[in-house]
Amino acid sequence: MYNPEFKIRLQSNLAGLQAAGLFKQERYIDTPQFSQVGLKDGSQVINMCANNYLGLANNPELMQTAKDAIDRWGYGMASVRFICGTQTLHQELEDRLSAFLGMEDTILFGSCYDANGGLFEGLLDANDAIVSDSLNHASIIDGVRLCKAARYRYANNDMVDLEAKLKEAKAAGARTILISTDGVFSMDGIVCQLDVVHQLAEKYGAIVHFDDSHSTGVLGKRGRGTHEHCGIFGKSDITTGTLGKALGGASGGYISGPKEVIAQLRQKARPYLFSNSIMPAIAATTIKVIDMLEASTELVETVQSNATYFRKGMEQCGFNLAGANHAIVPVMIGDAALSQQLSARLLELGVYAMGFFFPVVPREQARIRTQISAAHTQQQLDRAIDAFAQASRELGIIK
Ligand SMILES: *Cc1c(COP(=O)(O)O)cnc(C)c1O
């Protein structure tokens, strides 16, 4: 390197993170993703922090579907969609996702990060306005930054503030106003009041986008997501989501909405135009996931009842939990270093659960975010609760 100061600056940044207890250390898993995983040292631990809500990440039937799909459709596409990267399979998945989500049409992306990166700039310009929840996912924040529309930010899930910002945007003469929100705020496990958001959108003639990455397959009687949970299935505007969480956990993302919206995005969304098509085996396997979820709601019911069971057990131990009605159960700790100590002690006790701290969440609001899966057995949940209680008593977090 011709500029040694650059490396020295990075070394000092990294040392600063270490000293502040904010350094994120990766742990190595030596098995497939599941409710229990094996680590590099051979130990087996209960996994309490995967987005594997339905336990499908290593489902044998899906693994076989993926293997068969490689034989039938090949390994990679080596193209973006509009050049030579669209198989009938991609189109079939888009149609199946549209029907599953109660939308007119769907466009696939390499990830939901990319879907949010292409959404705003693909639809809006300087004549328009985006009214965005303050706790929206980083990919929404980045997507909004890429777009020239005026930006307004409302306090998290605060419908009074949302209305105030809609009035402001209207008064400023915005042509189109797009409200953007997470369906579930993933650091807090809070479900967005999407029905109220829609009432306000109607009142002010705005469009609604909700990112259901943590809700598809998790919320609603049939696992269709936040719109189903809030009683507005089939009435919502635009949604983004991921194939990397409940729907199998591989990778891929999408935008679903009115056919004109999707048609315009196929012409203009830059991550769609300039990034590779999703792997055929993922498309085929996601179709199989949709088959499974349309045939039975058992997995959806199990993740919901497991989450209720775990939340109740943790409350009885005296933990301060954030959120409600979702498989994300954040255990609030406060101090970042303490959350790291708790995470390390939990691992010794056979429970894998990571601490989240600044800048991922506000300072002094460090937490251990647990995520419940349909794959957890009651015995695993009981063992996790016991380990949390023991480690937290040792560290003085609970009495
Ligand atoms: C996980 C997540 C994403 C990113 O999804 P990927 O497909 O992994 O890029 C986007 N938005 C929200 C709300 C998420 O939780």
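The preceding data block contains the structure.
What you see is a predicted model, and the numbers here were worked out from it, not measured in a lab.

(A) Here's a closer look at the packing of helix α7 (residues 159-171) against helix α8 (residues 194-204). Closest axis-to-axis distance for the α7/α8 pair is 11 Å, and the angle between their directions is 20°. The orientation of α7 with respect to α8, classified from their angle, is roughly parallel. Here α7 runs over α8; the crossing is right-handed. Together, Met-159, Leu-162, Glu-163, Leu-166, Lys-167 and Lys-170 of α7 and Val-196, Val-197, Leu-200, Lys-203 and Tyr-204 of α8 make up the contact between the two elements.

(B) Looking closely at the sheet that holds strand β9 (residues 207-211). Taken in spatial order, the 7 strands of this open sheet run β3-β11-β10-β9-β6-β4-β5, and their pairing is mixed. Where the open sheet ends on each side, the last strands, each with one partner, are β3 (105-109) and β5 (150-154). Here the average twist between neighbouring strands, direction ignored, is 20°.

(C) Fine view of helix α12 (residues 280-295). The end-to-end C-alpha distance of α12, which contains 16 residues, comes to 23 Å, matching closely the 22 Å that a straight helix rising 1.5 Å per residue would cover. Burial of α12 is extensive: 12 of the 16 residues sit out of reach of the surface.

(D) Expanded view of the site of the ligand. The environment of the ligand is made up of 13 residues, and the closest members are Cys-112, Asp-211, His-214, Thr-242 and Lys-245. Here an oxygen atom of the ligand sits 2.6 Å away from a polar atom, N or O, in the side chain of Lys-245. Coverage of the ligand by the protein chains reaches 83% of its 380 Å² of free accessible surface. It is helix α5 (residues 112-123) that contributes the most residues to the shell around the ligand, 3 residues altogether. Tallied by class, the residues present in the shell around the ligand amount to 2 nonpolar, 8 polar and 3 charged.

(E) Looking closely at the sheet that holds strand β15 (residues 366-371). In space, the 3 strands of this open sheet follow the order β12-β15-β14, with antiparallel pairing throughout. In this open sheet, the two strands that pair with only one neighbour each are β12 (328-334) and β14 (355-356). Bridge analysis of β12 against β15 gives 6 bridges, and the strand direction is antiparallel. Of the residues in β15, the one forming a bridge with Pro-330 is Arg-369. Lying over the sheet, helix α14 (residues 336-348) contacts β12, β14 and β15, oriented at roughly 40° with respect to β15.

Criteria and thresholds
- Within each chain, residues carry numbers counting from 1 in the order of the written sequence.
- Owing to the predicted nature of the model, reporting of local features is limited to residues with pLDDT of at least 70; listing and counting of side-chain atom pairs is limited to 80 or more, with chain, interface and lining totals taken over all residues.
- Side-chain numbers here rest on the full set of heavy atoms in the structure, without hydrogens or water.
- Angular values range over 0 to 180 degrees, each being the angle between N-to-C directions of two axes fitted as lines to C-alpha atoms, with helices fitted over their stretch in contact.
- In DSSP terms, a helix is any run of H or I states spanning at least four residues, a strand is any run of E spanning at least two, and both are numbered starting from the N terminus.
- Throughout this description, any angle smaller than 35 degrees is read as roughly parallel, any larger than 145 degrees as roughly antiparallel, any in the 65 to 115 degree range as roughly perpendicular, and the remainder as oblique.
- Take the far helix as your reference; a near helix turned counterclockwise from it by less than a right angle gives a left-handed crossing, and one turned clockwise gives a right-handed crossing.
- The contact rule is simple, with two residues in contact once any of their heavy atoms fall within 4.5 Å.
- A pair of strands is labelled paired if DSSP reports no fewer than 2 bridges between them.
- To estimate how far a helix should reach, multiply one less than its number of residues by 1.5 Å.
- Using a 1.4 Å probe on the protein chains alone, a residue whose accessible area is under 20% of its type maximum counts as buried, one over 50% counts as exposed, and one in between counts as partly exposed.
- When at least one non-hydrogen atom of a residue lies within 4 Å of a molecule or strand, that residue is treated as near it.
- Think of a polar contact as two N or O atoms within 3.5 Å of one another; within protein, one of them needs to be a possible hydrogen donor and the other a possible acceptor, and neighboring residues in sequence only count if both atoms come from side chains.
- The Shrake-Rupley method, run with a 1.4 Å probe sphere, supplies the accessible areas, and residue values consider only the shown protein chains as cover.
- In this classification, Asp, Glu, Lys and Arg are treated as charged, Ala, Val, Leu, Ile, Met, Phe, Trp, Tyr, Cys and Pro as nonpolar, and every other residue, Gly included, as polar.

Function cannot be inferred from these measures alone, as they are strictly geometric.
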